[in-house]
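Listed here are the chains, written in short residue letters.
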Amino acid sequence: MKKAIKIISISIGLIAVGVVIAIGVCVPIANRVNDTSLPAEALSYWQSMIKDDVLLKQVVMPGSHDAGTKDMPWYSKTQSRDIANQLACGTRYFDLRIKMKGGEAKIYHGPAVSSSLKEILNAVNGFLNENNGEVVILDFQQFASDEAKSATLQLLDECLAGKVVENNSELEDLDFIDSLKIGDARGKCIIFWGANDGTSFQKHIFLRNDNGGGRLQGCLQSYYTQKWNWYYSSEKYIDKALPAYIDMYKDFGKGLFVLQGQLTDGSLVAGPRYREGGHEKNMNAYVASLAESESLQYINIIMRDFVSPNKNGYALMLNVAKGIVKEDAVQLFEQILYATGVK
């Protein structure tokens, strides 16, 4: 009996030591992503400096993965700023997943539920009121129920009336999005829908693809292979997965394109902060390298965890490389990049 108790005590002790060691390793790495810097004012209107006749699919936009997770526990939290702050940082694409809780549409990620969708949409509406040269993309990737879909449609009508892009042309939705110029979408949102349920036939709702690109009529391509994002190291993900995602879009060649720059915590223990802590510097360097890459022409939306002025700056610099910034705004645009820490 005493021997059994001793073995149990030793086992508990070893587990405790392992936890302490894990915390000692994870916390310093995770803290690297705690960027609380204030955004430069001009980040709120950077899109107004893009030439009006540029196709939206040619503009490089910073995107937010699981955008409404600021107040979630560590295992589901992928952003440390609320939507208004992310917009002020220059983020223009938001990945949103909707679930009903207490009769209200809210953001969910895994088992966690937090932000109110209504509050998010009101923040977007307020931002566009003050910055009518900008275009915001809302990607409703997942819904937990049909009730969540219905509530989302109602809130879109209630909170963003008159501020959504509609396909009033004779073109099919995919061709419409392909031909959409940023000058024709300023001051509005584009709504993408992650369910092929008939909703996308509405003129202000556009279907997105599934993770493997299986919906050929999808107007937004966002490829995702779980084993790559979950289990690849940062280096392997950048070397293998990102070029593969770009090639998938290159082969299809239509619609907007989201490059998924985030990693996922496959262990469901350390959390997204830890994964991003070891990935952030590598990903910044990769995005910067795209300026001189043949792949630059395909780069559109770069989605990341824990968006910040600095991370967004790396994406925005690619617009200069593409030559799509208005000539009289190039100097100011470069000053914005300098303010974000991108030299």
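Residues numbered from 1 in each chain as written. Predicted model: local features only at pLDDT ≥ 70, side-chain atom pairs only at ≥ 80, totals over all residues. Heavy atoms only, no water.

**Q** Give a description of the overall build of the protein chain that names residues and reports values.
**A** The secondary structure content of the protein chain amounts to 11 helices and 10 strands. Radius of gyration (C-alpha) of the protein chain: 21 Å, near the 20 Å computed for a compact globule of 343 residues. Principal-axis analysis of the C-alpha atoms places the extent of the protein chain at approximately 80 × 45 × 40 Å. Going through the 343 residues of the protein chain one by one, you find that 53% of them count as buried. Of the contacts formed within the protein chain by residues at least 6 apart in sequence, a portion of 73% connects residues at least 24 apart. (Helix = DSSP H or I, 4+ residues; strand = E, 2+ residues; numbered from the N terminus. Rg over C-alpha atoms; globule rule 2.2 N^0.38 Å. Buried < 20%, exposed > 50% of the residue type's maximum accessible area, 1.4 Å probe, protein only. Contact = heavy atoms within 4.5 Å.)

**Q** Before we move on, can you summarise the pairing of strand β10 (residues 301-304) with the specific residues and values?
**A** Burial along β10 is two-sided: the residues Ile 301 and Met 303 and Ile 302 and Arg 304 are all buried. Pairing of strand β1 (residues 61-64) with β10 involves 4 bridges; the strand directions are parallel. Following the sheet pairing, Met 61 is matched in β10 by Ile 301. Two strands pair when backbone bridges link them, and strand β9 (residues 256-260) and β10 are joined in this way by 3 bridges, in the parallel orientation. Looking across to β10, one finds that Leu 259 is bridged to Ile 302. (Pairing = 2+ DSSP bridges.)

**Q** So what's going on with the environment of Leu 242? Residues and values would help.
**A** One can find Leu 242 in helix α7 (residues 234-252). Residue Leu 242 is classed as buried on the basis of its relative accessible area, which comes to 0%. Residues Leu 242 and Ala 288 lie 46 residues apart in sequence; the distance between their C-alpha atoms is 14 Å. What Leu 242 contacts, discounting residues up to four positions off in sequence, is Tyr 237, Leu 259, Gln 260, Met 283 and Tyr 286.

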